[in-house]
Amino acid sequence: MPPGSDDGAALSETVRRIERSAGALATASVSRMDETLPWFRELPADQRAWVMLVAQAGVRSLVEWLRRDGRRPGQDLADEIFDAAPTALARSISLQQTVALVKVTIDVAEEQVPHLAVPGEEAALREAVLRFSREVAFSAARVYARAAESRGAWDARLQALLVDALLRGDSSDVLASRAAALGWADAPPVAVAVGRSPGGEAAAVLHTVYRAARRIGVEIIGGVHGDRLVLVLGGASDPLDATAKLLAGFGAGPVVVGPVVATLDEATESARAALAGFRAAPGWPDAPRPVAARDLLPERALAGDVEARRRLRQDVYGGLVRASGELLETLDAFFAAGGVLEGAARALFVHPNTVRYRLRRVADVTGLSPLTPRDAFALRVALTIGRLDPQAPVTPAIT
């Protein structure tokens, strides 16, 4: 008579037989695992001992389940099987391997049915074992789901610590050790992207970004800091384009990508630029999304970013000074004339084509075209900073 029937004592004698044979069943199961599962033979001794504990707990739970005629709480009894081993076992043995262990144990139990069941109860016992094995399989899935959730939360915390270390500029040894714990391969080039977090649990936020990163073949480490999501991208030939494909993982608002660097050791520079750009991005409401931190140099400088001021002073203003004084003079006249070539030419007493030629030279020297409104704004900020900041005077080149 199957478990769950009206006759609750139907398998009472069979249950007593199984209880007396519990140790032998567990030992036979582990021996069969050793014979049929090559990976099981390679497990360390402590992990093999854990599996023996799980097998013994499985037989005890089966006995208790049969005593209850297969009624609930079967799940609770099945969960107790895995409580016999540390949660570390779930990190050492995959879910697929655990299913294989359960199958071996059930096969051994089924083979022993003729010896365990009293005459006439063989079919009932076989059905009971199969039903209990289903409960065990569900329990294994729950154990691994909990382990994955715990591992995800720990990984999110470890990544947040790594991003913190990047922002602080910690030593390369600290960065390397934390990155190695996360399996970071340090694939060049490396860049940092910063945007607003969409909200919710950090592990869930990062999981969404990881799925997108895997699809495009980019390696990432991320951290949620307050309302910001900071991502370190590795192996993306064009980090700006790669970040554009990860935008679904960010919240609303600007997303800024720092400059490309060679390795994670140098990523502090990229992170600081991206964070400075993120803070200054509201100053450019029409900025693309994502936007490169270098394209926000004027706003960053106005917001007090020292590095942005240095780059505008040395690279832009300094480049013009080193090139020739006539480029600065032409820019001043062009801006004073409201961006009208003819007006600048009259002020300089030259032909408009001369002004046009000099403006092209400005673009060649600085990478910024005075004829483009956005670039013209950056040039004006650079000229102002270069003239107001006496701390680092720029010496014209000797020609």
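Structure's up top.
Now for a look at the structure at hand. Within each chain, residues carry numbers counting from 1 in the order of the written sequence. For a predicted model such as this one, the threshold for reporting local features is a pLDDT of at least 70, and the threshold for listing and counting side-chain atom pairs is 80 or more; totals across whole chains, interfaces and linings nevertheless cover every residue. Note: side-chain values were computed over all heavy atoms of the structure, leaving out hydrogens and water.

With respect to helix α2 (residues 22–36)
Residues spaced three or four apart along an α-helix point in a common direction, a consequence of the helix completing one turn every 3.6 residues.
Line of reasoning, step 1. Taking 1.5 Å of rise per residue, the 15 residues of α2 would be expected to cover 21 Å, and the 21 Å separating its terminal C-alpha atoms lies within 8% of that figure.
Line of reasoning, step 2. Taken residue by residue, α2 has A22, L25, A26, S29, V30 and M33 as its buried positions. Seen along its axis, α2 keeps its buried residues to an arc of 130°; they face one direction. Exposed residues on α2 whose side chains face more than 90 degrees from its buried face are A24 and E35. Strands here mean DSSP runs of E at least two residues long; helices mean DSSP runs of H or I at least four residues long; both are numbered from the N terminus. The span one expects for a helix is its residue count, reduced by one, times 1.5 Å. Exposure is judged per residue with a 1.4 Å probe applied to protein chains only, and the accessible area is read against the type maximum: over 50% gives exposed, under 20% gives buried, and values in between give partly exposed. This arc describes the spread of directions from the helix axis toward the C-beta atoms.

Considerations on the nonpolar core
Line of reasoning, step 1. Within the largest apolar cluster, 34 residues are counted, with the highest numbers of intra-cluster contacts made by I18, M33, F40, L66, L101 and L125.
Line of reasoning, step 2. Mapped by element, the contributors of at least two residues to this core are α1 (12–20), α2, α4 (45–67), α7 (95–111), α8 (113–116) and α9 (122–168).
Line of reasoning, step 3. Ranked by residue count, the leading element in this core is α4, at seven residues.
Line of reasoning, step 4. In what follows, residue pairs with any heavy atoms lying within 4.5 Å of each other are defined as contacts. Residues contacting F40, with those up to four places away along its chain left out, are V30, M33, D34, R48, V51 and L101.
Line of reasoning, step 5. Buried residues of nine kinds, namely Ala, Val, Leu, Ile, Met, Phe, Trp, Tyr and Cys, make up a nonpolar core once their side-chain atoms join them within 4.5 Å. Of all hydrophobic cores here, the second largest spans 29 residues; its members include A301, L331, L359 and A382.

Focus on the sheet that holds strand β3 (residues 228–234)
Two modes of strand pairing occur in sheets, parallel and antiparallel, and in both the strands are linked by backbone hydrogen bonds.
Line of reasoning, step 1. The criterion for strand pairing is that DSSP finds at least two bridges linking the strands in question. If you walk across this open sheet you meet the five strands as β2-β3-β1-β4-β5, and the pairing is mixed. Bordering the open sheet on either side are β2 (219–225) and β5 (291–292), each of which pairs with just one other strand.
Line of reasoning, step 2. Bridge count for strand β1 (residues 190–196) against β3 is seven bridges, and the pairing is antiparallel. Opposite A193, over in β3, you have L231 as the bridge partner.
Line of reasoning, step 3. Lines fitted to the C-alpha atoms define the axes, with helices restricted to the stretch that makes contact. Angles between their N-to-C directions range from 0 to 180 degrees. The strands that helix α11 (residues 202–216) touches are β2 and β3; relative to β2, the one it contacts most, it runs at about 155°.

Digging into the packing of aromatic side chains
Line of reasoning, step 1. Aromatic rings from Phe, Tyr and Trp, with only the six-membered ring used for Trp, were paired whenever their centres fell within 6.5 Å, and each pair was classed as stacked if the ring planes differed by under 30 degrees, edge-to-face if by over 60, and tilted otherwise. Within the structure shown, the criterion is met by two aromatic pairs.
Line of reasoning, step 2. Ring centres 6.3 Å apart and planes at 85° place the aromatic pair W39 and F40 in the edge-to-face group.
Line of reasoning, step 3. For F40, a relative accessible area of 0% puts it in the buried group.
Line of reasoning, step 4. With a centroid separation of 6.0 Å and 50° between ring planes, the pair formed by F334 and F335 is classed as tilted. With respect to class, F334 is no different from F335; both count as buried.
Line of reasoning, step 5. The ring of W284 carries R374 above its face, with NZ or CZ at 3.6 Å from the centroid. Only when the NZ atom of a Lys or the CZ atom of an Arg is both within 6 Å of the ring centre and within 35 degrees of the ring normal do we say a charge sits over the ring.

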